[in-house]
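Okay, here's what each chain looks like letter by letter:
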Amino acid sequence: MQDLSKLFDAVVSGDATTARTLTELALAENVEPLTLVNKFMAPAMDEVGRRFERCDYFVPELLLSARAMKAALELIRPLLTASGTEPVGRVVIGTVKGDLHDIGKNLVAAMLEGGGFEVIDLGVNVPPEKFVGTAQERNAHIISMSALLTTTMLSMRGTIDALKTAGLRDRIKVLVGGAPITQRFADEIGADGYGASAVDAVALARKAMGVPVT
Ligand code: B1M
């Protein structure tokens, strides 16, 4: 078994080739995909964030680490997504307006697909009216929003207000998550659920649909 701390190091140092190679080897050795994400890759991004706060890293380093994480996630994402069966429900997902962080949102989308949901991914920088318009057009059951910045998280309240204005609040559940989000904030804005992780998001979405949480 290889030393997986090297995967942590590869993401921290922004070495996409090594991150991808180590992920490939680990998967070939039957290491659980979520173990790679939760124990090595996500903690590596936290370390990158700490270095950024200390001014040891700047935006170019953040971008290189994000690229390394994405290169490894490309191998993991197909393993998280299920195929075939009738969807449990339809989810419109995106990162809120003004926010370009998409690694966590992409993980949540992959996990929801793996949990049997049809996922409509609107990408990043999604304004409230886009979330609501798409949910209405596509007859979605859930809107799932991600925010990584304290300056953008308030846009989540905007989406809930827009749902109320459109007369859809009773029909569409709203789930929220991302590093600065807390249960308290979710309660304050009137969201139906808060998930601290991509795994939580699936449990929340199943609960919102009234499906037993496995
Ligand atoms: Co930025 N960034 N960034 N960044 N960045 C943070 C978020 C920051 C905390 C770094 C720091 O200072 N420590 C800080 C925010 C401070 C704050 O608001 N309190 C910050 C800043 C300041 C900025 C800029 C303003 C920097 C600048 O330009 N001066 C700028 C803003 C750009 C913008 O968005 N408008 C910026 C830019 C960037 C990059 C583009 C360079 C890059 C993003 C690349 C990309 O995503 N494609 C980037 C990165 C990489 C980070 C850090 C280092 C890593 C984020 C990440 O990918 N984490 C981040 C520090 C950190 O978070 N530790 C930081 C890994 C990912 C798996 O975790 O996204 O939390 P996360 O998702 C988790 C859970 O939160 C949860 O599940 C996921 C998996 O378990 N979850 C959900 C997420 N969404 C959910 C939705 C749900 C449920 C669960 O719905 C139900």
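Residues numbered from 1 in each chain as written. Predicted model: local features only at pLDDT ≥ 70, side-chain atom pairs only at ≥ 80, totals over all residues. Heavy atoms only, no water.

1. Concerning the side chain of Ser 146
Note the following rule: Numbering of helices and strands runs from the N terminus; a helix is a DSSP stretch of H or I covering at least four residues, while a strand is a stretch of E covering at least two. Throughout this description, buried means an accessible area under 20% of the type-specific maximum (1.4 Å probe, protein chains only), exposed means over 50%, and partly exposed covers the range between. The contact criterion used is simple: two residues touch if any of their non-hydrogen atoms lie within 4.5 Å.
By secondary structure assignment, the location of Ser 146 is in strand 3 (residues 142–146). Exposure remark for Ser 146: the relative accessible area of 9% places this residue in the buried category. Ignoring sequence-local partners within four residues, the contact set of Ser 146 consists of Gly 94, Thr 95, Val 96, Lys 105, Met 156 and Gly 177.

2. So, the site of the ligand
Definition in use: Here a residue is near a molecule or strand as soon as one of its heavy atoms is found within 4 Å of it. Pairs of N or O atoms are called polar contacts if they sit within 3.5 Å, as long as, within protein, a hydrogen donor faces a hydrogen acceptor (for residues adjacent in sequence, only side-chain-to-side-chain pairs). For this classification, the nonpolar set comprises Ala, Val, Leu, Ile, Met, Phe, Trp, Tyr, Cys and Pro, the charged set comprises Asp, Glu, Lys and Arg, and every other residue, Gly included, is treated as polar.
Surrounding the ligand, one finds 36 residues, the nearest of these being Glu 53, Leu 100, His 101, Asp 102 and Ser 146. Taking Asp 102, its side chain carries an N or O atom lying 2.8 Å from a nitrogen atom of the ligand. Mapped by element, the contributors of at least two residues to the shell around the ligand are helix 3 (33–53), helix 4 (59–80), helix 5 (103–114), strand 3, strand 4 (173–177) and helix 9 (198–208). Here the element with the most residues in the shell around the ligand is helix 3; it accounts for six residues. Each residue belonging to the shell around the ligand can be placed in one class, and the counts come to 20 nonpolar, 11 polar and five charged.

3. Considering the nonpolar core
Selection criterion: In these notes, a set of buried Ala, Val, Leu, Ile, Met, Phe, Trp, Tyr and Cys residues joined through side-chain atoms within 4.5 Å is what counts as a nonpolar core. An automatic or database domain assignment supplies the start and end points of every domain.
Within the largest apolar cluster, 45 residues are counted, with the highest numbers of intra-cluster contacts made by Leu 7, Leu 36, Met 41, Leu 73, Ile 76 and Leu 112. Put simply, the parts of the chain that give this core at least two residues each are helix 1 (5–12), helix 2 (16–28), helix 3, helix 4, strand 1 (90–95), helix 5 and helix 9. If one sorts the elements of this core by residue count, helix 4 sits on top with nine residues. Residue assignment places this core across two domains, with domain 1 (5–83) and domain 2 (90–208) each supplying three or more. Core analysis: the next-biggest nonpolar cluster, separate from the first, contains 24 residues, Val 92, Ile 143, Phe 185 and Ala 186 among them.

4. Observations regarding helix 9
Restricting attention to buried positions, one finds in helix 9 the residues Ala 198, Ala 201, Val 202, Leu 204, Ala 205 and Arg 206. Along its buried surface, helix 9 packs onto helix 5, strand 3, strand 4 and strand 5 (193–195). If you check the start of helix 9, you find a side-chain oxygen 3.3 Å away from the backbone N of Val 199, and it comes from Ser 197. Downstream of helix 9 by a residue or two, Gly 210 has a phi angle that is positive, lying close to 75°.

5. Remarks on the sheet that holds strand 4
Stated formally: Should DSSP find at least two bridges between two strands, the strands are regarded as paired. Axes here mean lines fitted to C-alpha atoms, for a helix over just the part in contact, with angles spanning 0 to 180 degrees between N-to-C directions.
One open sheet accounts for five strands, arranged 2-1-3-4-5; its pairing is parallel. Bordering the open sheet on either side are strand 2 (118–121) and strand 5, each of which pairs with just one other strand. Each neighbouring strand pair of the sheet contributes to a mean axis angle of 25°, computed without reference to strand direction. Inspection of the sheet shows strand 3 paired to strand 4 by five bridges, in the parallel sense. When the sheet's bridge partners are listed, Ile 142 is paired in strand 4 with Lys 173. Against the sheet, helix 6 (residues 128–137) touches strand 1, strand 2 and strand 3, its axis set at about 165° to strand 1.

6. Concerning the side chain of Thr 23
With respect to the element layout, Thr 23 can be found in helix 2. Accessibility expressed as a relative area gives 0% for Thr 23, which makes it buried. Thr 23 has contacts with Leu 7, Leu 36, Ala 72, Leu 75 and Ile 76, leaving out every residue within four places of it along the chain.

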